[in-house]
Amino acid sequence: MTHTPASAKTLLIDGNRRFAAGSPRHPRQDAAARATLLEGQTPHTCVISCSDSRVPPEIIFDQGFGDMFVIRNGGHIPTDVVLASAEFAHVVAQCCLIVVLGHESCKALEFSRKLRAGEELDLPGSTSVLTNGVLADLVDDDGSLFPTVPRIVERLRGSQVLGKAEADGKIEILGAGYHLHSGEVEWL
Ligand SMILES: [Zn+2]
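Residues numbered from 1 in each chain as written. Predicted model: local features only at pLDDT ≥ 70, side-chain atom pairs only at ≥ 80, totals over all residues. Heavy atoms only, no water.

Novice: It is not clear to me how the packing of aromatic side chains should be interpreted in this structure. Could you clarify?
Specialist: To describe a pair of aromatic rings, one takes the distance between the centres and the angle between the planes. Overall, the coordinates contain two aromatic pairs when judged by the stated rule. With centroids separated by 6.4 Å and ring planes inclined at 40°, the aromatic side chains of Phe61 and Trp187 adopt a geometry described as tilted. Linking Phe61 in the loop between helix H3 (57-60) and strand S2 (68-73) with Trp187 in strand S5 (residues 185-187), this pair joins segments that are 126 residues apart in sequence. Look at Trp187 and you get partly exposed, because its relative accessible area is 24%. Summarising the aromatic geometry, the rings of Phe69 and Phe88 are spaced 6.1 Å apart at their centres and angled 40° between planes, so their arrangement reads as tilted. Separated by 19 residues along the polypeptide, Phe69 in strand S2 and Phe88 in helix H4 (residues 80-91) bring together distant segments of the chain. For Phe88, a relative accessible area of 42% puts it in the partly exposed group. (Phe/Tyr/Trp six-rings, centres within 6.5 Å; stacked < 30°, edge-to-face > 60°. Helix = DSSP H or I, 4+ residues; strand = E, 2+ residues; numbered from the N terminus. Buried < 20%, exposed > 50% of the residue type's maximum accessible area, 1.4 Å probe, protein only.)

In structure tokens form, the structure reads like this:
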């Protein structure tokens, strides 16, 4: 099936509606669906999201095997590898929609805000990489639930590959935020 940015967004909106309403279809999650993908993948959407276990993209958008190219890390920090993976998602895997998905009650964001306010945090090992990474995208913190999402969308648009693809109408890059209580995704 050939997708467009608009048709991909419709799939996500419909899937999230089913999920939030408590009536997910769990599409294409069986062995038969798995078998249709042995030769390759053509996911419609690339999602960049936090690793938080309460925000699994395939579940909250009620999608299945082969539907979404998902890039996750704590705080959905747009590292070089994340940006490269998003470019790969479009150029190689042919995604036509890229969604930066923030979420409510993000611990990485909470810690980063504390650091920003001058609080001392005792984070062992490499953990501070996460808070500092989120901090870098908190420049325009307006106290909103998903303050880093617009900046990450901006960063993706700054990619030569993705910026051109969006200008040419081949892809769309969108920000969104997930509400833990309702299960609803808000489009930003
Ligand atoms: Zn998070």
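Novice: Would you mind going over unusual backbone geometry with me for this structure?
Specialist: Residues other than glycine predominantly adopt negative phi, and peptide bonds predominantly adopt the trans conformation. At Arg28, a residue that is not glycine, the phi angle is positive and equals roughly 50°. Mapped onto the elements of the fold, Arg28 is located in the loop between helix H1 (5-20) and helix H2 (31-35).

Novice: Before we go on, may I ask you to explain the coordination of the zinc ion in this structure?
Specialist: For a metal with four tetrahedral donors the ideal donor-metal-donor angle is 109.5 degrees, while six octahedral donors give ideal angles of 90 or 180 degrees. Listed as protein donors to the zinc ion are Cys50 (SG), His103 (NE2) and Cys106 (SG); their distances from the metal cover 2.1 to 2.3 Å. Donor residues for the zinc ion, ordered by position in the chain, follow C-x52-H-x2-C. His103 sits in the buried class, given a relative accessible area of 3%. (Donors = N, O, S within 2.8 Å, 3.2 Å for Na, K, Ca; no water.)

Novice: Honestly, the pairing of strand S4 (residues 172-178) in this entry has me stumped. Any pointers?
Specialist: Every regular strand shows the same layout, with side chains that alternate between the two sheet faces. Among the seven residues of S4, six are classified as buried, and the element is accordingly described as predominantly covered. When strand S3 (residues 97-103) meets S4, the two strands line up parallel, connected through seven bridges. When the bridges of S4 are listed, Ile98 appears paired with Ile173. Note that S4 and S5 share three bridges and pair antiparallel. Bridge assignment links Gly177 to a residue of S5, and that residue is Glu186. Where S4 folds back onto S5 in an antiparallel hairpin, the turn is made up of six residues, including Gly183, whose phi is positive at roughly 80°. (Pairing = 2+ DSSP bridges.)

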